[in-house]
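Listed below, chain by chain, are the residues.
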Protein chains: 2
Amino acid sequence: MVRWEPGARERLQAAALDLYASKGFEETTVVEIAQSVDLTERTFFRHFVDKREVIFAGQDVFQQGFIDGVADAPHGASPLEIVTSAVLAGSGFFTEDRRTHSRQRSAVITATPELRERELLKMASLAAAIAGALRERGVPDPAATLAAESGTTVFRMAFERWLEPDSKRTLIELEREMFAELAALTGSTARSDQ
Amino acid sequence: MVRWEPGARERLQAAALDLYASKGFEETTVVEIAQSVDLTERTFFRHFVDKREVIFAGQDVFQQGFIDGVADAPHGASPLEIVTSAVLAGSGFFTEDRRTHSRQRSAVITATPELRERELLKMASLAAAIAGALRERGVPDPAATLAAESGTTVFRMAFERWLEPDSKRTLIELEREMFAELAALTGSTARSDQ
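Thresholds applied
Residues numbered from 1 in each chain as written. Chains lettered and ligands numbered in written order. Predicted model: local features only at pLDDT ≥ 70, side-chain atom pairs only at ≥ 80, totals over all residues. Heavy atoms only, no water. Helix = DSSP H or I, 4+ residues; strand = E, 2+ residues; numbered from the N terminus. Buried < 20%, exposed > 50% of the residue type's maximum accessible area, 1.4 Å probe, protein only. Contact = heavy atoms within 4.5 Å. Areas by Shrake-Rupley, 256 points an atom, 1.4 Å probe, with all protein chains shown as cover. Lys, Arg positive; Asp, Glu negative; His and termini not counted. Charge placed at Lys NZ, Arg CZ, Asp CG, Glu CD. pLDDT = per-residue confidence, 0-100. Phe/Tyr/Trp six-rings, centres within 6.5 Å; stacked < 30°, edge-to-face > 60°. Lys NZ or Arg CZ within 6 Å of the ring centre and 35° of its normal. Buried area = accessible area lost by both parts, 1.4 Å probe. Salt bridge = Lys/Arg side-chain N within 4 Å of Asp/Glu carboxyl O. Polar contact = N/O pair within 3.5 Å; in protein donor to acceptor, adjacent residues only side chain to side chain. Nonpolar A, V, L, I, M, F, W, Y, C, P; charged D, E, K, R; others polar.

Check the secondary structure of chain A and you find 10 helices and zero strands. Of the regular secondary structure in chain A, the N- to C-terminal order runs α-α-α-α-α-α-α-α-α-α. Dimensions of chain A, computed from C-alpha atoms along their principal axes, come out at roughly 65 × 35 × 25 Å. Looking at chain A residue by residue over its 194 residues, the buried ones come to 51%. Residue pairs at least 24 apart in sequence account for 65% of intrachain contacts in chain A once pairs closer than 6 positions are excluded. Of the roughly 9500 Å² of accessible surface on chain A, a fraction of 53% belongs to carbon and sulfur atoms. Averaged over its 23 positive side-chain charges, chain A has a centre that lies 2 Å from the centre of its 30 negative ones.

Right, dumping it as structure tokens:
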């Protein structure tokens, strides 16, 4: 898109995250971000709408991974099986070499109320997108929404564990474990009701 | 608390909601809210920190209902049974005579991105509080968090249905139905895995 400044976007993102982590999100200015990688404020705004956008850029790509997973689930799969496929596919985005970056990003979000609210909105939007894809596959509501919300919860909880300082396991392992926990949770109650 | 202005808080709340609904949240000023019920701006700020607070006042009482429900669940109840008790107890707050008010409040939130983010934070805070109460009862993580998140999802989805224009059913009926849907959702997958 901006051929005369190769890698500008990525450099700005890395620089912003470093500054947000060291100085705090509120205290960092766009000028500082740009200058720290020898770029101008104008270049920053060619790539991002504002300071917040740097943290949440790429949501379309992130979300699309989950939606592709819905489409890829085999014919006849149950709503929760489709959502499992969605969550595992969406997690392909988070390869091992992204773990350090993700940890840093998460620490910045946790420290900044405004970003925490925005992150919640991102997760709500993901759940809504998965629910929409399920309905397109013919899953009726409330099953579609309930499955999508449950899958998003599993993703969020597995992701938190993946980010823990001493975590060595892959995100997909953690997600499979969390789906099993979910089945155990509701399965045992279903049985005791019978 | 402010004895010389009986009902001021409630009058301000009702007036604010009416104005937010008719003019929009952003466009309404605190002076307008106060004047519409013959009170002063100063009185408004004695009761609420800001315009947003009017919409989210009473979260402690709301949340406490759920926490009491965790404590009231019988000994030996499963995590999901405890959470079911929490959700049903928390819903005691939403009696039939609150339905119209809740519908109006929900419409204002839906129309205002800033309030939508704040509502998501309120739900996240509710889930965290329920998870904390479950851990205090000895339920380990991730079951505690997963059960609390699932219960909050059920509450949120049942609540949306309760607010639908033609809905006549009680919130508790809708919640029981949604918990059954959740059990069906995960139960069928658990079975197909065996």
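This paragraph deals with the confidence of the model for chain A. Residues and elements named next belong to chain A. In the predicted model, chain A carries a mean pLDDT of 90, and 94% of its residues have values of at least 70. Residue range residues 188-194 is modelled with pLDDT below 50. Its contacts to residues more than four positions away, or to other chains, number six contacts. ipTM for the predicted complex: 0.84, alongside a pTM of 0.87.

The next subject is the packing of aromatic side chains. Following the criterion strictly, the structure yields 28 aromatic pairs over all chains and no others. With a centroid separation of 5.9 Å and an interplanar angle of 50 degrees, the aromatic rings of B:Phe62 and B:Phe155 are classed as tilted. Linking B:Phe62 in helix α5 (residues 59-72) with B:Phe155 in helix α9 (residues 143-163), this pair joins segments that are 93 residues apart in sequence. Neither B:Phe62 nor B:Phe155 differs from the other in exposure class; each is buried. When the ring centre of A:Phe25 is taken as reference, the NZ or CZ atom of A:Lys51 above it lies at 4.5 Å.

Residue and element names in this part refer to chain A. Cis geometry marks the peptide bond from Asp141 to Pro142, where omega comes out at 5 degrees. Turning to its location among the elements, Pro142 is positioned in the loop between α8 (113-136) and α9 (143-163). Even without being glycine, Asp38 reaches a positive phi, approximately 55 degrees. Residue placement: Asp38 occurs in the loop between α2 (30-36) and α3 (41-47). Classification of Asp38 as exposed rests on a relative accessible area of 71%.

The next point concerns the interface of chain A and chain B. Of the residues lining the interface, 33 residues belong to chain A; the matching set on chain B comes to 33 residues. The largest share of the area that chain A buries against chain B comes from A:Glu117, A:Leu146 and A:Leu185, three residues that together contribute 23% of it. Between A:Arg156 and B:Glu149 there is a salt bridge, with its nearest N and O atoms 3.0 Å apart. At the surface where chain A touches chain B, the tally comes to two residue pairs in polar contact (both at pLDDT 80 or more). Of all the elements in the fold, those that place two or more residues in the side of chain A that touches chain B are α6 (79-90), α8, α9 and α10 (171-193) of chain A. Residue contributions to the side of chain A that touches chain B peak at 11 residues, all from α9(A). Across the side of chain A that touches chain B, the residue classes tally to 16 nonpolar, eight polar and nine charged.

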